[in-house]
Amino acid sequence: MKRIGILALQGAVAEHMHALSKLQNVTTLAVKTIDEIKEVDGLILPGGESTAMGKLLDYFQMLEPLKNLINQGLPVWGTCAGMILLAKEISAQETSYLQAMDTVVKRNGYGSQLDSFQTTASIPEISTAPIPLTFIRAPYIESAKENVKVLAKVDNKIVAAQQDHMLATAFHPELTNDLSFHRYFVEKVV
Ligand SMILES: NC(=O)CC[C@H](N)C(=O)O
């Protein structure tokens, strides 16, 4: 049995818990403190608003301890805002947060909320079937070092990537019925 935490300071927490509840051999925990995070085998940083989540992490003095846990190998998956939190650099922004993945991320890379969209992509590492992708005021990875494995591109922009125990998606698998990214995280990354 693997225990997956979802960082529950802000954002799409319930949706990830719901998706994970459909998998076998997984229990979920909405985590709000570093002590709770130390109890899980893997952590999801959900979508939401990266500035708000970053401020909350800072306010609750969780930024440095979480950064250390990730550096020590805690498996993490950042979706959308979570992907922004994981990036070493955020394009056109001075502050970045967990500085864990060797990526430069562009926030709101597709424009405003109204430019949210859905598409499908074939991502062989994740699933043999095409995967539906939901982008909501999404970021993309502008550039990544060669130790970052690019999993998917949409319109030639990197939208899913993995670096060792860290997974990042610009889109929201928890808002679709496709469980392949959740399964991949739990089985292959954690
Ligand atoms: N769906 C999302 O997580 C959107 C991310 C948001 N636009 C941000 O910059 O944090």
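Structure shown above.
Residues numbered from 1 in each chain as written. Predicted model: local features only at pLDDT ≥ 70, side-chain atom pairs only at ≥ 80, totals over all residues. Heavy atoms only, no water.

Student: Break down the packing of aromatic side chains for me, citing the residues and quoting the values.
Tutor: Under the definition given, this model contains 9 aromatic pairs. Centre to centre, the rings of Y110 and F117 are 5.0 Å apart; their planes meet at 65°, and the pair counts as edge-to-face. Among the aromatic residues, ring-to-ring pairing joins W77, Y110, F117, F135, Y140, F171, F181 and F185 into one connected group. (Phe/Tyr/Trp six-rings, centres within 6.5 Å; stacked < 30°, edge-to-face > 60°.)

Student: Requested: an account of the site of the ligand, with residues and values cited.
Tutor: Around the ligand, the structure places G47, G48, E49, S50, C80, A81, I84, R107, N108, I136, R137 and H172. Between the ligand and S50 there is a distance of 2.6 Å, counted from an oxygen atom to a backbone nitrogen or oxygen. The backbone of R137 places a nitrogen or oxygen atom 3.0 Å from a nitrogen atom of the ligand. When the ligand is considered free in solution it has 300 Å² of accessible area, and contact with the protein chains removes 95% of it. Grouping the amino acids of the shell around the ligand by side-chain chemistry returns 4 nonpolar, 5 polar and 3 charged. (Near = heavy atom within 4 Å. Polar contact = N/O pair within 3.5 Å; in protein donor to acceptor, adjacent residues only side chain to side chain. Areas by Shrake-Rupley, 256 points an atom, 1.4 Å probe, with all protein chains shown as cover. Nonpolar A, V, L, I, M, F, W, Y, C, P; charged D, E, K, R; others polar.)

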